[in-house]
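Residue-level structural notes
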Amino acid sequence: AMSADMGELNIGDGLTVTLPDGWVTSSQEPIMFMATSPDTLEAFTGDEILNALDGELALAFTGPSGLQQIAAGITEQTTEAYLQFIAEEFFQVTDAIEPYDGFDFPAIGVSLDTSPEAPDNAVSFVVETDAGFVWIVVVAGGELADFEEQVIEIVNSLGQ
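Let us look at the structure shown here. (Residues numbered from 1 in each chain as written. Predicted model: local features only at pLDDT ≥ 70, side-chain atom pairs only at ≥ 80, totals over all residues. Heavy atoms only, no water.)

Focus on the layout of surface pockets
Test applied: Whether a set of points on the 1 Å grid over the protein atoms alone is a cavity depends on a 1.4 Å probe fitting there but being unable to get out, while an open set qualifies as a pocket with protein on both sides within 12 Å along at least five of seven lines; lining residues are those with an atom within 4 Å of a point. Grid points are joined across faces, edges and corners, and a volume is the space filled by probe spheres set on the points. Only DSSP runs of H or I with at least four residues qualify as helices, and only runs of E with at least two residues qualify as strands; both kinds are numbered from the N terminus onward. In the scheme used here, Gly and all other residues not listed as nonpolar or charged are polar, with Ala, Val, Leu, Ile, Met, Phe, Trp, Tyr, Cys and Pro taken as nonpolar and Asp, Glu, Lys and Arg as charged.
Each pocket or cavity is described by its volume, and for the largest pocket that value is around 490 Å³. Contributing elements (two or more residues each) for the lining of the largest pocket: β4 (31-35), α1 (38-45), β5 (57-62), α3 (79-91) and β9 (132-140). When grouped by side-chain class, the residues that make up the lining of the largest pocket number 16 nonpolar, three polar and four charged. A volume near 240 Å³ is recorded for the second largest pocket. For the second largest pocket, the lining is made up of 14 residues, of which Tyr 100, Val 123, Phe 125, Leu 144 and Glu 148 are closest to its centre. Of all the secondary-structure elements, those providing two or more residues to the lining of the second largest pocket are β6 (98-99), β7 (107-111), β8 (122-129) and α4 (148-156).

Below, the structure written as structure tokens:
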């Protein structure tokens, strides 16, 4: 189910994000996927690991309730605990996770470069919102730094 009618996308728990015009979306409960084109959306929804197309961008958001289901085994409610669990469980990444201060929310991030399960130029974040913890994956068609402003704009649109 893809839609190109943009604006606010509900990611669960009453949280929405605002997307640029022309983006396409898809969902696989409890994860919402969004990208600049249907082909780049395949980075998340395809049967195999596909990279984002050059110059394009894809994001996945999982709201607090969905994240709690996915990471049911964690012992403490912190951005670090969630991200460490996700990085190891889903991406086989044990690299150091680092605080990220680009968002309006407390956040922690980890590169997925070493993951056999992730496309190129992928990074994962957990941010703490008033509604709870949100898990985000970003896949860029190029150097992540070139897409940072756009990613920040979308993440910072998280609201209720």
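Details of the nonpolar core
Formally: Grouping buried Ala, Val, Leu, Ile, Met, Phe, Trp, Tyr and Cys residues that are joined through side-chain atoms within 4.5 Å yields what is termed a nonpolar core. Burial classes: relative accessible area under 20% of the type maximum marks a residue as buried, over 50% as exposed, and values in between as partly exposed (1.4 Å probe, protein chains only). What makes two residues a contact is simply this: any of their non-hydrogen atoms within 4.5 Å.
Phe 91, Leu 112, Val 126, Trp 135, Val 137 and Val 139 are the most contacted members of the largest nonpolar core, which has 31 residues in total. Broken down by secondary-structure element, the contributors of at least two residues to this core are β4, α1, β5, α3, β7, β8 and β9. Ranked by the residues each element gives to this core, the list is headed by α3, at six residues. Setting aside chain neighbours within four positions, we find Val 137 in contact with Phe 44, Ala 58, Leu 59, Ala 60, Phe 91, Leu 112, Val 123 and Ser 124. Judged by nonpolar contacts, the second largest core, of 28 residues, contains Phe 61, Val 123, Ile 154 and Val 155.

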